[in-house]
Amino acid sequence: MNPLLKEFLAESRDALESIGIILMRMEKTPDDAQLVEELFRIVHTLKGSSGLFQFPEMTRVLHAGEDLMSVLRQREISFTQLLADQLLDAMDFVALLCDEVESCGQVAATHSEQSVLLAERLRSWIVKPLTDSATNTDRPTASESVFALDDLGEVHPLDSVPEAIRSLAEGRAKEGVQLHWVRYVPDSECFFHGEDPLHLARQTPGILYGRILAREPWPNLVSLDAFRCVLEYQMLVATDLSLLVEHFRYVTEQVRVTSFDPFFPCRPSNDLGISEIHAWQVNRIPRHEQNAFCAILSAQRRALRVESEPKGCEGRLRAIALVLQHCAKAIGDESAKPKIQQALDAALVLQSGKPLLDLLHEWVGDQDLTSEESESSPESSVSPAPDDSSVSGILEPLLDSPDDTKSPVLSISDTQVESTISGLDSSFPSDHPEGTFSKSTREEGPKFGRRADDHLVSKTLKVDQEKIDRLMNLIGEMVVAKNALPYLAKRAEDHFGVRELSREIKAQHASINRIAEEMQDAIMQVRMMPVSVAFQRFPRLVRDVSRQLGKNVNLILEGEETEADKNIVESLSDPLIHMVRNSLDHGFETPEIRRALGKPPTGTLTIRASQEADHVLIEIQDDGKGIDPSLVKRKAFEKGIIDQAQLERISDREAIHLVFAAGFSTAETVSDLSGRGVGMDVVRNAVEKVHGTLALESVVGKGTLVRITLPLSMAVTKVMIIETDGQIFGIPMDVVWETVRVARDDIHQVQHQQATILRGKVLALKPLNGFLNLDAPPKPNQDDQFAVLVVRSENGSLGLIVDNFRETLDVIQKPLGSVLTGLNSYSGSALMGNGSVLMILNVREMF
Amino acid sequence: MPIEYGDSTAIFREMVGVDEAEDLLQWLHNKAHPRIDLSECTHIHPANLQVLMAAATMIVAWPPDPTWRQWLESALPKTRGDL
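Quick caveat, the model's predicted, so the values are computed rather than measured.

### Considerations on the overall build of chain B
Scanning chain B from N- to C-terminus turns up three helices and four strands. In chain B, the succession of α and β elements from N to C terminus is β-β-α-β-α-β-α. Looking at chain B as a whole, 51% of its 83 residues qualify as buried. Across chain B, every contact between residues at least 6 apart in sequence was considered, and the portion connecting residues at least 24 apart equals 49%. Of the roughly 3,800 Å² of accessible surface on chain B, 51% is carried by carbon and sulfur atoms.

See below:
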């Protein structure tokens, strides 16, 4: 994946998270202006970044969100829960798109509809269109005021585009699509704002044709400032105006749009005036036809000015001549007929429209000849327009430097004068009568497109987790390599008899050991993350679920700053969500019932994190109805999880732990059981996977407390080494309860099971050899005592008979790879200092 | 590198960003008859385009995408030099 996109996705996730958090906070303090500002800033940044990529769905929703933020911060609407709901929905949608981009690199077009819907919903909050700010909405009715209309004079936009494009445009127009001529003149400083006007122009929806022109003559290369934008972009576009408004939303004041019909002159009023046709007595025809007459003549004149390729030239000239003949006939000027024929003949010989044009001028005056001369003024010659000079008629009002050649233009008509003057204003978005934003409002308005400004300097370094993992692996290897030094020292002394060297090696080992330990600690610190990372989803979750269930729940988070290894924190989030959801669903009563029970109507859910020695303790406590042990017992019996004997024997405390049993989480149970139950075995598994433990306390009517204990870090495991049948194995210290020696006489056979009495309690015994399928019997010591390792899990205690106990060791446990993955008896392996491999037993499998 | 500078020909590759403009200007300034190959170019930041336009550089190869080519041709001299 493109690194930029990768960065974008990472940033988006952070941004979406922050948005969620801020929205939550805003629900509590809706008037906090700072929060609104912050929210706006984040949404704006996110939207800006999304614009860099081709995710229109994402950008559209974010646009709408930003619009909404904008009116929100201007206090035109007030913050409500419903609004928060919709914003959260929209952000969820964006998150969904992010996921999709990450997995398949693009956004499926199927999301388009939903994005439009979401955007509309957000926009529906914006009660009135903001006519005085740059955040105008894209209502088609309001679009007129969004862009300054461009006065093309009498130059028809289609005249300046290549023939093929013209017919394409005409085809689109016939289909009923509106054509627009878009002129985009970016701010000269725009490159410094991180803008790419050409990219924006190229992405214009419905674009048929585009060209790039220089606004001023090029200086020589030495004095050229590459970063001052002097280009402008002109485009022929066939699309809805609203789409254009949306597309150029950030640069509305730099864009002028003229909508036109390819089959009609764009501005009849700017065409030939009736008074101009002095040679013909136009007043002979009815008044309402006079305008049409002028329009027809203007169209002919335009057609004649276009230099067409020789191929179609003859047909065109003949057609024009024919039109002129009919015009003459219409006003009863028979004398014109031979003149037209004569001009046509001359034109055909010259393969040029000039003779006909001259004739037309004879009749209608030559004001436009002067304007035509101005078209070949120095400015227009620097614009390498691909087609012909008539284009520059469009350009002309834009040119910054006032020029004498413009004066004849001023004499044409009032409307044109107006537009020319506005064009002469060096600040392009002038106070155009047709409504662009005035300068002052622009400056006060929000500054858009300044993505570069949005970045705040951060002291935090974002590092790929893989890199940290690599460091972690390396230090692991180093610890192992370092552990080899004592062996070496021993060999030096025993085998080679050099005690001196042995001592030196030991001294070296001590210092390397210190450094390695510090280094390991430092790397572990890097991996440490506050549990708040796992907690931050809860405000949203509790809010959504409790609203959905019609319950009032107040969430209290405590000890969010408690840190644990990244893997641990991450592994925490799923089980926690499960439990919180369970608690909300089954633990809390509805406000009515709570009131009836004399409880406060709003329940309290507390999630607390704290550190205890080398463990992280997470407690989830609710003041709901608690778990009824008798109900759990009965259900567990019905499900076949416990048998009749167990049902009678089991204590209430043990009974509630049955909710963690696999198979307890069936749909039926969920609906019947008035307590926890949904997938609690999933929770247990997830916790056990990271070597954590889970405990449950519950008082009927008072509430439930789940306590999760997790190791601070998974990186280093303390194991006890035991010996059996001449082999050594590791057993994680967290399951080792005690080591005892049991005399042979104290071991009793109970049915098929060996057992002993340990401090008045029956302890089941199992030889480890049997578990590992080793034939050898356990070896007692000289006093005929067996080494028994008492291990514990949530299923109770068990005594493992081994041959001997050895030391405990810090190891870096590696999961078993490839074909060994399926071996459940081992939880992993580790390298010992002498280079041998130590297999770590999975004690839970032995029960 | 988005722009690969050869002895006399610079080859633009894929997206050519705004940061390249300075170097491009320098390069064009130092070459007597610079030639530009755009055949592999998918986008040029206008800062670079301006430089090419100002230098009236000869384009020896255009991008295959007709729409993109048409944009470029509207701005750059259409001389088609031989490679």
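### With respect to the overall build of chain A
Each helix and strand in chain A was counted, giving 32 helices and 23 strands. Taken over 847 residues, chain A has a buried fraction of 49%. Here the contacts in chain A between residues at least 6 apart in sequence split such that 69% fall between residues at least 24 apart. In the structure as shown, chain A presents an accessible area of about 41,000 Å², 53% of it carried by carbon and sulfur atoms.

### Description of the packing of aromatic side chains
Summed over the entire model, instances satisfying the criterion amount to seven aromatic pairs over all chains. Taking the ring centre of Trp68(B) as reference, the NZ or CZ of Arg202(A) above it sits at 3.7 Å.

### Some points on the sheet that holds strand 9 (residues 603–612) of chain A
All names here are of chain A. Taken together, five strands build an open sheet; the order of strands is 7-9-10-12-11 and the sheet is mixed. Strand pairing shows two members of the sheet lacking a second neighbour, strand 7 (553–558) and strand 11 (693–699), which therefore form its edges. With direction set aside, neighbouring strand axes in the sheet form an average angle of 10°. Against the sheet, helix 24 (residues 538–549) contacts strand 7 and strand 9, and its axis sits at roughly 165° relative to strand 7.

### Overview of the interface of chain A and chain B
Each partner contributes to the interface: chain A provides 31 residues, whereas chain B provides 25 residues. Of all residues in chain A, Arg202(A), Leu221(A) and Phe227(A) give up the largest surface area on contact with chain B, accounting jointly for 28% of the area buried on that side. Taken together, the connections running from chain A to chain B amount to zero salt bridges. Going through the elements one at a time, helix 8 (197–202), strand 3 (207–214) and strand 4 (231–238) of chain A are the ones with two or more residues in the side of chain A that touches chain B. Examining the composition of the side of chain A that touches chain B, we find that seven residues originate from one element, strand 3 of chain A, more than from any other. Its residues placed into classes, the side of chain A that touches chain B shows 22 nonpolar, three polar and six charged.

### Some points on helix 2 (residues 46–55) of chain B
All names here are of chain B. For helix 2, a buried count of nine out of ten residues is recorded, marking the element as mostly surrounded by other parts of the structure. Of the residues making up helix 2, those classed as buried are Pro46, Ala47, Asn48, Leu49, Gln50, Val51, Leu52, Met53 and Ala54. Looking one or two residues beyond helix 2, the residue adopting positive phi is Ala56, at roughly 50°.

### Some thoughts on the sheet that holds strand 17 (residues 753–758) of chain A
All names here are of chain A. Taken together, the six strands give an open sheet; going across it, the order is 15-19-20-18-17-16, and neighbouring strands pair in mixed fashion. Strand pairing shows two members of the sheet lacking a second neighbour, strand 15 (736–743) and strand 16 (748–750), which therefore form its edges. Averaged over all adjacent pairs, the angle separating strand axes in this sheet is 40°, with direction ignored. In the sheet, strand 18 (residues 761–767) pairs with strand 20 (residues 796–802) via three bridges, with the strands oriented parallel. Its bridge partner being in strand 20, Pro767 is matched across the sheet by Ile801.

### Thoughts on the nonpolar core
By size, the foremost hydrophobic cluster in this structure holds 50 residues, and its most contacted members are Phe12(B), Leu38(B), Leu49(B) and Leu76(B). With six residues, helix 2 of chain B is the largest single contributor of residues to this core. Filtering out sequence-adjacent residues up to four positions away, Leu76(B) remains in contact with Leu38(B), Leu49(B), Leu52(B), Met53(B), Ile59(B) and Trp62(B). Listed in part, the 46 residues of the second largest apolar core include Leu9(A), Ala15(A), Val36(A) and Leu122(A).

### Some details on the pattern of salt bridges
Residue and element names in this part refer to chain A. Overall, the coordinates contain 37 salt bridges over all chains when judged by the stated rule. Notably, a salt bridge pairs Glu27 with Arg543, separated by 2.6 Å at the nearest N-O pair. Note that Glu27 is positioned in helix 1 (residues 3–28) and Arg543 in helix 24, a separation of 516 residues in sequence. You can call Glu27 partly exposed: its relative accessible area is 23%. When its relative accessible area of 8% is taken as the criterion, Arg543 is described as buried. Where Arg547 meets Asp85, a salt bridge forms, and the shortest distance between an N and an O atom there is 2.8 Å. One end of the pair, Arg547, is in helix 24; the other, Asp85, is in helix 4 (residues 81–104), and 462 residues separate them in sequence.

### A word on the packing of helix 3 (residues 56–73) of chain A against helix 5 (residues 111–123) of chain A
All names here are of chain A. In contact at an axis separation of 8 Å, helix 3 and helix 5 are set at 5° when each is read in the N-to-C sense. Our classification of the angle between helix 3 and helix 5 gives roughly parallel. For the pair helix 3 and helix 5, the contacting residues are Glu57, Arg60, Val61, His63, Ala64, Gly65, Asp67 and Leu68 in the first and His111, Ser112, Ser115, Val116, Leu118, Ala119, Leu122 and Arg123 in the second. Here the residues of the contact of helix 3 with helix 5 are counted per class, giving seven nonpolar, five polar and four charged.

### What about a nonpolar patch on the surface?
Residue and element names in this part refer to chain A. Side chains of Met478, Ile515 and Met519 sit close together on the surface and give an oily, nonpolar patch of about 240 Å² of accessible area. The residue Met478 is located in helix 21 (residues 465–494) in this model. Residue class for Met478 comes out partly exposed when judged on its relative accessible area of 31%.

### Focus on a negative patch on the surface
A surface patch of like charges, here negative, comprises Asp187(A), Glu189(A), Asp225(A), Glu22(B) and Asp23(B). Counting through the fold element by element, Asp187(A) comes out in the loop between strand 2 (179–184) and helix 8.

### Concerning the packing of helix 4 of chain A against helix 24 of chain A
All names here are of chain A. For the pair helix 4 and helix 24, interaxial distance at closest approach is 13 Å and the crossing angle is 120°. By the angle between their axes, helix 4 is oblique relative to helix 24. As for how helix 4 packs across helix 24, the hand of that crossing is left-handed. Across from Gln81, Ala84, Asp85, Leu88, Asp89 and Asp92 in helix 4, the residues of helix 24 making contact are Arg540, Arg543 and Arg547.

### Considering unusual backbone geometry
For residues that are not glycine, phi is negative in most cases, and the peptide bond is trans in most cases. Even without being a glycine, Asp725(A) presents a positive backbone phi close to 50°. Residue position: Asp725(A) is located in the loop between strand 13 (717–724) and strand 14 (727–732). Of the residues examined, Asp725(A) reaches a relative accessible area of 32% and is grouped as partly exposed. Not every positive phi belongs to a glycine, and Ala56(B) is a case in point at roughly 50°. Mapped onto the fold, Ala56(B) is located in the loop between helix 2 and strand 4 (58–61).

### Some remarks on helix 24 of chain A
All names here are of chain A. Taking 1.5 Å as the rise per residue, helix 24 with twelve residues should run 16 Å; its terminal C-alpha atoms sit 16 Å apart, in good agreement. Buried within helix 24 are the following residues: Phe538, Arg540, Leu541, Val542, Arg543, Val545 and Ser546. Those residues of helix 24 that are buried are in contact with helix 1, helix 4, helix 23 (532–535), strand 7, helix 25 (566–587) and strand 9. Of the residues trailing helix 24, Gly550 is marked for its positive phi of about 70°.

### Quick word on the environment of Glu73(B)
Residues and elements named next belong to chain B. Take Glu73: it is sitting in helix 3 (residues 66–75). Residue classification places Glu73 among the partly exposed positions, given a relative accessible area of 21%. Along the sequence, Glu73 and Trp62 sit eleven residues apart, while their C-alpha atoms lie 8.6 Å from each other.

### Looking at the confidence of the model for chain A
Mean pLDDT over chain A stands at 75; residues scoring 70 or higher make up 78%. Across residues 366–456 of chain A the pLDDT falls below 50, and counting only partners more than four positions away or on other chains, this stretch makes 158 contacts in the model.

### Observations concerning the side chain of Thr606(A)
The residue Thr606(A) is located in strand 9 in this model. If sequence neighbours within four positions are ignored, Thr606(A) has contacts with Ile556(A), Glu558(A), Glu619(A), Ile620(A) and Gln621(A).

Scoring rules and cut-offs
Residues numbered from 1 in each chain as written. Chains lettered and ligands numbered in written order. Predicted model: local features only at pLDDT ≥ 70, side-chain atom pairs only at ≥ 80, totals over all residues. Heavy atoms only, no water. Helix = DSSP H or I, 4+ residues; strand = E, 2+ residues; numbered from the N terminus. Buried < 20%, exposed > 50% of the residue type's maximum accessible area, 1.4 Å probe, protein only. Contact = heavy atoms within 4.5 Å. Areas by Shrake-Rupley, 256 points an atom, 1.4 Å probe, with all protein chains shown as cover. Phe/Tyr/Trp six-rings, centres within 6.5 Å; stacked < 30°, edge-to-face > 60°. Lys NZ or Arg CZ within 6 Å of the ring centre and 35° of its normal. Pairing = 2+ DSSP bridges. Axes fitted to C-alpha atoms, helices over the stretch in contact; angles between N-to-C directions. Buried area = accessible area lost by both parts, 1.4 Å probe. Salt bridge = Lys/Arg side-chain N within 4 Å of Asp/Glu carboxyl O. Nonpolar A, V, L, I, M, F, W, Y, C, P; charged D, E, K, R; others polar. Core = buried A, V, L, I, M, F, W, Y, C linked by side-chain atoms within 4.5 Å. Parallel < 35°, antiparallel > 145°, perpendicular 65-115°, else oblique. Patch = residues over 30% accessible without salt bridge, like charges linked within 9 Å, V, L, I, M, F, W, Y side chains within 5 Å. Lys, Arg positive; Asp, Glu negative; His and termini not counted. Charge placed at Lys NZ, Arg CZ, Asp CG, Glu CD. Left-handed = near helix turned anticlockwise from the far one by under 90°. Expected span 1.5 Å × (residues − 1). pLDDT = per-residue confidence, 0-100.

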